[in-house]
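Each chain, written out:
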Amino acid sequence: DLMKRTMLLSEYRDCDHFLIPSLLQHDYTYDNTYNCKFDFSETYLLHGMFQRLVCLCVEYVSRESVTNASFIIRKNFAQFERFRGQSVELSEQNQMITLNTSGNTSDIIAIIQSMLSKTNNNVMNGRLKWRTLALDESTGRFELWQEKLQAVNNNLNLDSFLNCL
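Residues numbered from 1 in each chain as written. Predicted model: local features only at pLDDT ≥ 70, side-chain atom pairs only at ≥ 80, totals over all residues. Heavy atoms only, no water.

Draft legend 1. Quick look at the pairing of strand β8 (residues 131-136). Bridging between strand β3 (residues 36-39) and β8 involves 4 bridges; their strand directions are antiparallel. Bridge pairing links Phe 38 to Thr 132 in β8. Here β8 hands over to strand β9 (residues 141-144) after 4 residues, with Gly 140 in that stretch at a positive phi of 75°. (Pairing = 2+ DSSP bridges. Helix = DSSP H or I, 4+ residues; strand = E, 2+ residues; numbered from the N terminus.)

Right, here's the structure in full:
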């Protein structure tokens with residue numbers, strides 16, 4: 001229960017299984033293709049932040065009532081099929097978390113940004129700072145993502161938070 005509250009464990013597949021990403025030891029080699037990055041280089045990317053984000057994503061996908069939802073999870077990489085009907089890849093590299101998605105990038109960025117904010121406020125005491133940069137398809141350059149965060153009360157419990165997304 002403590003690990004679930006601190007977002008270090010997530011239940012999936014009808015609560016019959018548990019995932020603890022911090023115990024994974026195998027890195028994943030991936031191409032560096034992504035259309036969004038959460039850059040923590042101004043402060044630092046705290047160890048465990050990526051793993052907490054993966055736990056939230058697993059819980060979120062499990063709640064979407066998607067049967068046969070598949071994912072690949074490694075120490076530094078996670079791929080989710082059928083995340084709001086899209087394929088989503090997250091990776092941790094250097095001082096950033098990267099995101100690659102197959103569809104409406106803006107919706108997925110808003111969800112991941114909300115998850116990062118919740119983790120920062122509830123677990124990290126608001127110590128982390130990051131910039132969210134999205135790929136501008138017309139210029140091929142990363143630009144500061146300006147869209148509004150979803151209105152989510154970060155003090156909600158995990159179940160209420162995930163239901164708000």
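Draft legend 2. Spatial organisation of the nonpolar core. Phe 80, Phe 83, Ile 112 and Met 115 are the most contacted members of the largest nonpolar core, which has 36 residues in total. For this core, the secondary-structure elements that each account for two or more residues are β3, α2 (49-63), β4 (71-73), β5 (77-83), β6 (86-93), β7 (96-101), α3 (105-122) and α4 (158-164). Considering every element that reaches this core, the biggest residue donor is α2, with 9 residues. (Core = buried A, V, L, I, M, F, W, Y, C linked by side-chain atoms within 4.5 Å. Buried < 20%, exposed > 50% of the residue type's maximum accessible area, 1.4 Å probe, protein only.)

Draft legend 3. Highlighting the environment of Cys 57. Structurally, the position occupied by Cys 57 is in helix α2. With a relative accessible area of 0%, Cys 57 lands in the buried category. Distance from Cys 57 to Ile 111, taken between C-alpha atoms, is 9.3 Å for residues 54 residues apart in sequence. Among all residues touching Cys 57, those that are not within four sequence positions of it are Phe 80, Phe 83, Leu 90, Ile 112 and Met 115. (Contact = heavy atoms within 4.5 Å.)

Draft legend 4. How the structure looks around the packing of α2 against α3. At a minimum axis distance of 10 Å, the contact between α2 and α3 shows a crossing angle of 125°. What the angle tells us is that α2 and α3 run oblique. Once α2 is placed against α3, the crossing between them reads as right-handed. On α3, the residues that touch Met 49, Arg 52, Leu 53, Leu 56, Cys 57 and Tyr 60 of α2 are Ile 111, Ile 112, Met 115, Leu 116, Thr 119 and Asn 120. Within the contact of α2 with α3, the residues separate by chemical class into 9 nonpolar, 2 polar and 1 charged. (Axes fitted to C-alpha atoms, helices over the stretch in contact; angles between N-to-C directions. Parallel < 35°, antiparallel > 145°, perpendicular 65-115°, else oblique. Left-handed = near helix turned anticlockwise from the far one by under 90°. Nonpolar A, V, L, I, M, F, W, Y, C, P; charged D, E, K, R; others polar.)

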